[in-house]
Amino acid sequence: MKIGVSKQELIDSLSETLSLTREGVHHLELKDEDTVIIHYNCGHQKPVNIALNSGIAIIWDVSRQVN
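Now for a look at the structure at hand. (Residues numbered from 1 in each chain as written. Predicted model: local features only at pLDDT ≥ 70, side-chain atom pairs only at ≥ 80, totals over all residues. Heavy atoms only, no water.)

1. Here's the deal with the side chain of serine 15
- Tracing the backbone through its elements, the reader meets serine 15 in helix α1 (residues 7–19).
- Exposure remark for serine 15: the relative accessible area of 9% places this residue in the buried category.
- Each residue touching serine 15, except ones within four places of it in the same chain, is listed here: His27 and Leu28. (Helix = DSSP H or I, 4+ residues; strand = E, 2+ residues; numbered from the N terminus. Buried < 20%, exposed > 50% of the residue type's maximum accessible area, 1.4 Å probe, protein only. Contact = heavy atoms within 4.5 Å.)

Okay, structure coming up:
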C-alpha cells in the first residue's frame, strides 16, 4: 500500500466508488485488519478476507466479491 495511506482510507475510497455503481453496494466496513464487510442496500452483508493483501489486491478481492 502507498506510504501514508491506511487500510481504512483505501476502504473508504473504494466504498464510495462501489456505491456509485448499479451493484447495490451501500458501503464497506473494515471490520478488522483482515476483513472487509460489504453492506448491500437490501441489508445483505458479505465478508471478504483481505489478510496480507496489498492495496491493489484489496481492491481486486473486494471487487470480485461484489455481485
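Moving on from the coordinates now.
2. Comments concerning the pattern of salt bridges
- Scanning the entire structure with this criterion turns up two salt bridges.
- Where glutamate 33 meets lysine 7, a salt bridge forms, and the shortest distance between an N and an O atom there is 3.7 Å. Taken as a pair, glutamate 33 in the loop between β1 (25–32) and β2 (35–40) and lysine 7 in helix α1 lie far apart in primary sequence, 26 residues in all.
- Taking relative accessible area as the criterion, lysine 7 reaches 16% and is therefore assigned buried.
- Measuring nitrogen to oxygen at the nearest pair gives 3.8 Å for the salt bridge that ties aspartate 61 to arginine 64. Placement of the pair is aspartate 61 and arginine 64 together in helix α2 (residues 55–65), with a separation of three residues, close to one helical turn.
- For aspartate 61, a relative accessible area of 16% corresponds to the buried category. (Salt bridge = Lys/Arg side-chain N within 4 Å of Asp/Glu carboxyl O.)

3. Here we look at the side chain of histidine 39
- Along the chain, the position of histidine 39 falls in strand β2.
- We classify histidine 39 as buried; its relative accessible area is 11%.
- A distance of 3.5 Å separates the side chain of histidine 39 from the side chain of glutamine 45, its partner in a polar contact.
- Setting aside anything within four residues of it in sequence, one finds histidine 39 in contact with Gly24, Val25, His26, His27, Glu29, His44 and Gln45. (Polar contact = N/O pair within 3.5 Å; in protein donor to acceptor, adjacent residues only side chain to side chain.)

4. With respect to the pairing of β1
- Pairing between β1 and β2: six bridges, direction antiparallel. Each bridged residue has a counterpart across the sheet, and for histidine 27 the counterpart in β2 is histidine 39.
- Between the antiparallel neighbours β1 and β2 lie two residues. (Pairing = 2+ DSSP bridges.)

5. Let's talk about the sheet that holds strand β3 (residues 45–49)
- Overall, antiparallel pairing links the three strands, which are arranged β1-β2-β3 in an open sheet. Whereas interior strands pair on both sides, the edge strands pair on one side only; in this sheet they are β1 and β3. Strand-to-strand twist of the sheet, defined as the mean angle between neighbouring strand axes without regard to direction, takes the value 25°.
- Packed onto the sheet, α1 meets β1 and β2 and runs at close to 165° relative to β1.
- Across the sheet, α2 touches β1, β2 and β3, and the angle it forms with β3 is around 145°. (Axes fitted to C-alpha atoms, helices over the stretch in contact; angles between N-to-C directions.)

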